Amino acid sequence: MATASNEFKLIRPSDGERYNRSAVTLSCRLSPEISAVNMEIRWFKGTDCVCVYKDRHVTEGRGYEGRVSLFTQELERGNVSLQLRDCTRSDEGHYLCQVTDGDRTEEITVEMICKCS
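This text gives an overview of the structure that appears in the document. (Residues numbered from 1 in each chain as written. Predicted model: local features only at pLDDT ≥ 70, side-chain atom pairs only at ≥ 80, totals over all residues. Heavy atoms only, no water.)

As for the side chain of Asn 79
Here Asn 79 lies in the loop between β8 (68-70) and β9 (82-85). Engagement of the side chain of Asn 79 in a polar contact is seen with the side chain of Glu 74, the distance being 2.5 Å. Polar contacts involving the side chain of Asn 79 include one to the side chain of Ser 81, which spans 2.7 Å. Beyond its immediate stretch of four places on either side in the chain, Asn 79 contacts Cys 28, Arg 29, Phe 71 and Glu 74. (Helix = DSSP H or I, 4+ residues; strand = E, 2+ residues; numbered from the N terminus. Polar contact = N/O pair within 3.5 Å; in protein donor to acceptor, adjacent residues only side chain to side chain. Contact = heavy atoms within 4.5 Å.)

Describing the sheet that holds strand β11 (residues 104-112)
Pairing is antiparallel in the open sheet, where 5 strands are placed in the order β7-β6-β5-β10-β11. Edge positions in the sheet fall to β7 (57-60) and β11, since each has one partner strand and no second. Ignoring strand direction, the axes of neighbouring strands in this sheet form an average angle of 15 degrees. Where strand β5 (residues 40-45) meets strand β10 (residues 93-101), 6 bridges bridge the pair, whose relative direction is antiparallel. The partner of Lys 45 across the bridge, within β10, is Tyr 95. (Pairing = 2+ DSSP bridges. Axes fitted to C-alpha atoms, helices over the stretch in contact; angles between N-to-C directions.)

The structure is reproduced here in structure tokens:
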């Protein structure tokens, strides 16, 4: 049985994806709003690993170097959203966010509809 310390689920906030000219934010949060600082966070597009956060370090996946980031300053508040910069039509599609805390893993899919050039 899961302990109280790792009881959480992933949610997509109602504000949805945020776009600007150069970046897309795929919104994803922990519920309840607990710290994700010591958790493992993985983002995938299909079988491609986009980004991994583990042991307080972010590793960008191949082909995403310099284009992806997490809001590490907001992990304390459960924000595990992914920001993708310099997006192209090939970045469009479904992304999987996977968060692991000990033996508990939660996943959620977020769709990005490209509004990029």
